[in-house]
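# Understanding the architecture of this molecule
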Amino acid sequence: MYIELGKLTPPKRNNPQGEVTVYAGFHWQGDIKKPHGTGILGTKILNVEVQSNSELLVGFSNGICLLTGVEGEEPEWSVTVQDRAHLSAVKGRLHVEPAKS
């Protein structure tokens, strides 16, 4: 699941892109309705936490929480700032990949 935050840009490859993109992978948990995350549309993110097992927990203003899963040994999430850095967890540590020029 991709969650686009902030002002959306015109669609690239059929999807608009936000100022920040949260990718939650395929193995996430939460009360978010499919398709299109209708349970969180228009809500605010109240908190984002990296758990001790490197899973990402995102709390929304309507009380819904999204918890990412782990595929194999690695967590399956990332946070990307448009045209800037890409944050993820690799081998239990936060990893920042600079923007590609």
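Remember, it's a predicted structure, so these values are computed and weren't measured experimentally. (Residues numbered from 1 in each chain as written. Predicted model: local features only at pLDDT ≥ 70, side-chain atom pairs only at ≥ 80, totals over all residues. Heavy atoms only, no water.)

Here we take up the sheet that holds strand 6 (residues 56-60). Taken together, 3 strands build an open sheet; the order of strands is 5-6-7 and the sheet is antiparallel. Sheet topology places strand 5 (45-50) and strand 7 (65-67) at the edges, where each strand pairs with a single neighbour. Across the sheet, the mean angle from the axis of one strand to that of its neighbour is 10 degrees, orientation sign disregarded. The sheet contact formed by strand 5 and strand 6 spans 5 bridges and is antiparallel. Looking at strand 6, one finds that V50 is bridged to L56. (Pairing = 2+ DSSP bridges. Helix = DSSP H or I, 4+ residues; strand = E, 2+ residues; numbered from the N terminus. Axes fitted to C-alpha atoms, helices over the stretch in contact; angles between N-to-C directions.)

Our focus in this paragraph is unusual backbone geometry. With a phi angle near 75 degrees, S54 is a residue other than glycine that sits in the positive phi range. You can see S54 is positioned in the loop between strand 5 and strand 6. On the accessibility criterion, S54 (7% relative accessible area) is buried. (Buried < 20%, exposed > 50% of the residue type's maximum accessible area, 1.4 Å probe, protein only.)

With that out of the way, let us pick up the packing of aromatic side chains. Applying the stated rule across the entire model yields 1 aromatic pair. Relative to Y23, the ring of Y2 has its centre 4.8 Å away and its plane inclined at 40 degrees; by these criteria the two rings are tilted. You can see Y2 sitting in strand 1 (residues 2-5) and its partner Y23 sitting in strand 4 (residues 20-23), a full 21 residues away along the chain. Using a relative accessible area of 17% as the deciding quantity, one classes Y23 as buried. (Phe/Tyr/Trp six-rings, centres within 6.5 Å; stacked < 30°, edge-to-face > 60°.)

With that settled, the discussion passes to the nonpolar core. By size, the foremost hydrophobic cluster in this structure holds 14 residues, and its most contacted members are I3, I32, I40, L56, F60 and L66. Considering each element in turn, this core owes the most residues, 3 residues, to strand 6. Residues in contact with I3, not counting those within four places in the same chain, are V20, T21, V22, I40, F60 and L66. (Core = buried A, V, L, I, M, F, W, Y, C linked by side-chain atoms within 4.5 Å. Contact = heavy atoms within 4.5 Å.)

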